[in-house]
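Summary of the model geometry
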Amino acid sequence: MVDSIPLMREALTIARRALSTGDVPVGALVVDSTGAIVGRGNNLREFDNDPTSHAEIVALREAAAVAGSWRLDDHTLVVTLEPCPMCAGAIAQSRIKRVVFGAWDEKAGAVGSVWDILRDPRAPYQVEVIAGVLEADCVELLQEFFKDKR
C-alpha cells in the first residue's frame with residue numbers, strides 16, 4: 001500500500017508548476033509497485049495548446065515510457081483533483097490499479113461525483129479509488145487560482 005499523504009504533497013508541488021503556464025493547478029504522479037515515482041505531470045493545456053494535456057495524461061505517458069509498456073498494472077496514480085471522463089478512460093485503459101485524489105470535482109468528476117467510470121460494474125477492469133487525501137490543501141490551491149479568474 002502506498003503512503004498517500006507524502007505522495008499527495010508531491011502532487012501539490014507538481015500542481016504549482018502549472019501556475020507559471022497559466023494552466024489550472026492540477027498535479028499528478030504515478031508510483032510503481034516498489035513505491036518509486038515513475039511519472040509526473042501538471043496541466044499543460046494552455047502551454048501546449050492541447051486539450052488532452054491534463055496532468056493525469058502527462059503523468060501516464062511518462063510512466064508508460066519508463067515502464068516500456070502502456071500497461072501500468074500494479075501502479076498507483078495520485079492526483080490533486082478528481083479525474084475527468086477523458087482521464088478516467090485513460091486510467092482504465094492503462095490498467096492502473098489504484099487512484100488517489102484530493103479534491104472532488106462536482107462539475108466534471110468521473111470517479112464518484114458526477115460519474116464513476118472507474119468503478120462502474122460494467123467496466124472490464126475495476127480500479128481502487130481513495131478520495132479526499134489532503135482535500136483542503138487541494139481545494140485551497142484551486143480556489144486561489146480561480147478567485148482572480150471569476
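Described in the following lines is the structure provided in the data block. Computed from a prediction, not measured in an experiment: that's the story for all the values here.

Let us now look at the packing of aromatic side chains. Scanning the model with the defined rule gives two aromatic pairs in all. Centre to centre, the rings of phenylalanine 101 and tryptophan 104 are 4.9 Å apart; their planes meet at 90°, and the pair counts as edge-to-face. The exposure class assigned to phenylalanine 101 is buried, which follows from its relative accessible area of 0%. With 4.9 Å between their ring centres and 80° between their planes, phenylalanine 145 and phenylalanine 146 make a pair best called edge-to-face. Classification of phenylalanine 145 as buried rests on a relative accessible area of 12%. Relative accessible area serves as the criterion here: at 24%, phenylalanine 146 is assigned to the partly exposed category.

In terms of residue burial, strand β1 (residues 27–31) counts as a mostly covered element, since five of its five residues are buried. By the alternation rule, side chains of β1 split into Gly27, Leu29 and Val31 and Ala28 and Val30, which are all buried. Sheet topology note: the β1/strand β2 (residues 37–42) ladder contains five bridges and is antiparallel. Residue valine 30 lies in a different strand from β2, and its bridge partner there is glycine 39. Once β1 ends, the chain turns through five residues before running back antiparallel as β2, passing glycine 35 with a positive phi of about 95°.

For the rest of this paragraph, the subject is the side chain of threonine 80. Position of threonine 80 relative to the elements: it lies in strand β3 (residues 76–81). Owing to a relative accessible area of 2%, threonine 80 belongs among the buried residues under this scheme. What threonine 80 contacts, discounting residues up to four positions off in sequence, is Met8, Ala11, Leu12, Ala15, Pro25, Val26, Gly27, Gly102, Ala103 and Cys138.

What follows is about the sheet that holds β3. Strand order across the open sheet formed by five strands is β2-β1-β3-β4-β5, with mixed pairing between neighbours. Edge positions in the open sheet fall to β2 and β5 (128–130), since each of these has one partner strand only. Taking each pair of neighbouring strands and ignoring which way they run, the sheet shows an average axis angle of 15°. Each of β1, β2 and β3 is contacted by helix α3 (residues 55–67), which is oriented at about 150° to β2, the strand it contacts most. Packed on one face of the sheet, helix α5 (residues 135–147) meets β3 and β4 (98–103) and runs near 60° to β4.

Parameters at a glance
- Residues numbered from 1 in each chain as written.
- Predicted model: local features only at pLDDT ≥ 70, side-chain atom pairs only at ≥ 80, totals over all residues.
- Heavy atoms only, no water.
- Phe/Tyr/Trp six-rings, centres within 6.5 Å; stacked < 30°, edge-to-face > 60°.
- Buried < 20%, exposed > 50% of the residue type's maximum accessible area, 1.4 Å probe, protein only.
- Helix = DSSP H or I, 4+ residues; strand = E, 2+ residues; numbered from the N terminus.
- Pairing = 2+ DSSP bridges.
- Contact = heavy atoms within 4.5 Å.
- Axes fitted to C-alpha atoms, helices over the stretch in contact; angles between N-to-C directions.

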